[in-house]
Amino acid sequence: MSPLINSILATRAGYGLTILRIVVGIIFAAHGSQKLFGWFGGYGLAGTAQWMESIGLAPGTLMALLSGGTEFFAGLALIIGLLARPAALGLTILSLVAIFSVHIHNGLFMANNGYEFALALLGGSLAVLLEGAGKLSADRAIAN
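Quantities reported herein were computed from a predicted structural model and do not represent experimental measurements.

Engineer: Help me out: how do you make sense of the overall build of the protein in this one?
Structural biologist: Regarding its fold elements, the protein presents seven helices and zero strands. Counting from the amino terminus, helix and strand elements in the protein follow one another as α-α-α-α-α-α-α. In terms of overall size, the protein behaves like a compact globule, its C-alpha atoms giving a radius of gyration of 16 Å where 144 residues would be expected to give roughly 15 Å. The C-alpha extent of the protein, read off along each of the three principal axes, is 45 × 30 × 25 Å. A sequence separation of at least 24 residues applies to 66% of the contacts in the protein between residues at least 6 apart. Element-wise, carbon and sulfur atoms account for 72% of the exposed surface of the protein, whose accessible area totals about 7600 Å². Here the protein contributes 6 positively and 5 negatively charged side chains, and the mean placements of these two sets differ by 15 Å.

Engineer: Help me out: how do you make sense of helix α6 (residues 116–131) in this one?
Structural biologist: Because each turn of an α-helix spans 3.6 residues, side chains separated by three or four positions in sequence point in the same direction. The terminal C-alpha atoms of α6, which comprises 16 residues, lie 22 Å apart, in line with the 22 Å expected from a rise of 1.5 Å per residue. For α6, the elements touching its buried residues are α2 (15–37), α4 (60–80) and α5 (84–103).

Engineer: Looking at this model, I keep getting lost on the UniProt feature "transmembrane region" (unreviewed entry) in the protein. Mind explaining?
Structural biologist: Within the UniProt annotation, "transmembrane region" (unreviewed entry) is assigned to residues 12–30 and 117–138. The distance from the first to the last C-alpha atom of residues 12–30 is 28 Å, and the span holds 84% helix and 0% strand. End C-alpha atoms of residues 117–138 are separated by 27 Å, and the span's content is 73% helix alongside 0% strand.

Engineer: What is the right way to read the nonpolar core from this model?
Structural biologist: Nonpolar side chains in soluble globular proteins tend to end up buried together. Judged by nonpolar contacts, the single largest core of 16 residues is most densely connected at Phe28, Leu78 and Val128. Every element with two or more residues in this core is listed here: α2, α4, α5 and α6. Setting aside its immediate chain neighbours within four residues, valine 128 contacts Leu17, Arg21, Leu78, Ala84, Arg85 and Ala88.

Engineer: How should I be thinking about the packing of α2 against α4 in this particular structure?
Structural biologist: A packed helix pair is summarised by two numbers, namely the angle formed by the two axes and the spacing between the axes. The interhelical angle for the contact between α2 and α4, taken along N-to-C directions, is 150 degrees, at an axis separation of 7 Å. Classified by the interaxial angle, the pair formed by α2 and α4 is roughly antiparallel. Our pair here, α2 against α4, has a crossing hand that is left-handed. When the residues that make up the contact of α2 with α4 are grouped by side-chain class, the tally is 14 nonpolar, eight polar and three charged.

Engineer: Explain the pattern of salt bridges to me, please; I cannot follow it from the model alone.
Structural biologist: Opposite charge on two side chains permits them to pair, given that their charged atoms come into close proximity. Applying the stated criterion to the full structure yields two salt bridges. Put simply, arginine 12 and glutamate 131 hold a salt bridge, and the shortest N to O gap is 3.3 Å. Taken as a pair, arginine 12 in the loop between α1 (3–9) and α2 and glutamate 131 in helix α6 lie far apart in primary sequence, 119 residues in all. A salt bridge links lysine 35 to glutamate 71; the shortest N-O distance between them is 2.9 Å. Here the residue lysine 35 occupies a position in helix α2, and glutamate 71 occupies one in helix α4, the gap between them amounting to 36 residues.

Engineer: Explain unusual backbone geometry to me, please; I cannot follow it from the model alone.
Structural biologist: Residues apart from glycine generally show negative phi values, whereas peptide bonds are mostly found in trans. Cis peptide bonds are those with omega within 30 degrees of zero, and the linkage from alanine 58 to proline 59 qualifies with -5 degrees. As for its placement among the helices and strands, proline 59 is situated in the loop between α3 (44–54) and α4. For phenylalanine 40, which is not glycine, the phi dihedral falls at a positive 55 degrees. Within the fold, phenylalanine 40 resides in the loop between α2 and α3. One non-glycine residue with positive phi stands out, namely leucine 83, at about 55 degrees.

Here is what the cut-offs are and how they apply
- Residues numbered from 1 in each chain as written.
- Predicted model: local features only at pLDDT ≥ 70, side-chain atom pairs only at ≥ 80, totals over all residues.
- Heavy atoms only, no water.
- Helix = DSSP H or I, 4+ residues; strand = E, 2+ residues; numbered from the N terminus.
- Rg over C-alpha atoms; globule rule 2.2 N^0.38 Å.
- Contact = heavy atoms within 4.5 Å.
- Areas by Shrake-Rupley, 256 points an atom, 1.4 Å probe, with all protein chains shown as cover.
- Lys, Arg positive; Asp, Glu negative; His and termini not counted.
- Charge placed at Lys NZ, Arg CZ, Asp CG, Glu CD.
- Expected span 1.5 Å × (residues − 1).
- UniProt positions renumbered as here; feature names shortened; annotations may be inferred.
- Core = buried A, V, L, I, M, F, W, Y, C linked by side-chain atoms within 4.5 Å.
- Buried < 20%, exposed > 50% of the residue type's maximum accessible area, 1.4 Å probe, protein only.
- Axes fitted to C-alpha atoms, helices over the stretch in contact; angles between N-to-C directions.
- Parallel < 35°, antiparallel > 145°, perpendicular 65-115°, else oblique.
- Left-handed = near helix turned anticlockwise from the far one by under 90°.
- Nonpolar A, V, L, I, M, F, W, Y, C, P; charged D, E, K, R; others polar.
- Salt bridge = Lys/Arg side-chain N within 4 Å of Asp/Glu carboxyl O.

See below:
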């Protein structure tokens, strides 16, 4: 296996990171399904696109597809631990955009639509990005 691929798939993390990865993956996949499909009380692609346009992220449909697709598919990748580092990189960028374009001016706390939840998800994504997918992952099975 090439050194680049091995460095992407390798993990030195244990079971704790596996749990964190799965929980963060579930949350992101659920949020993405709200944006893309309207599941779990979401607005679907059209509603999300309209909201994206209203906050200045244009074109709305493209932004909704990019954010919803990243959340959904990278979330699924985290759940199974396949290409977890690239997925976590996408989710890290997405979390930073959410924090600075939507939440930062509301302060920290969720009660005011602040950035605390996005910050927690950012922390989970960064942990996976740095440490890898953990012991119970497709990445580890492939790398070994």
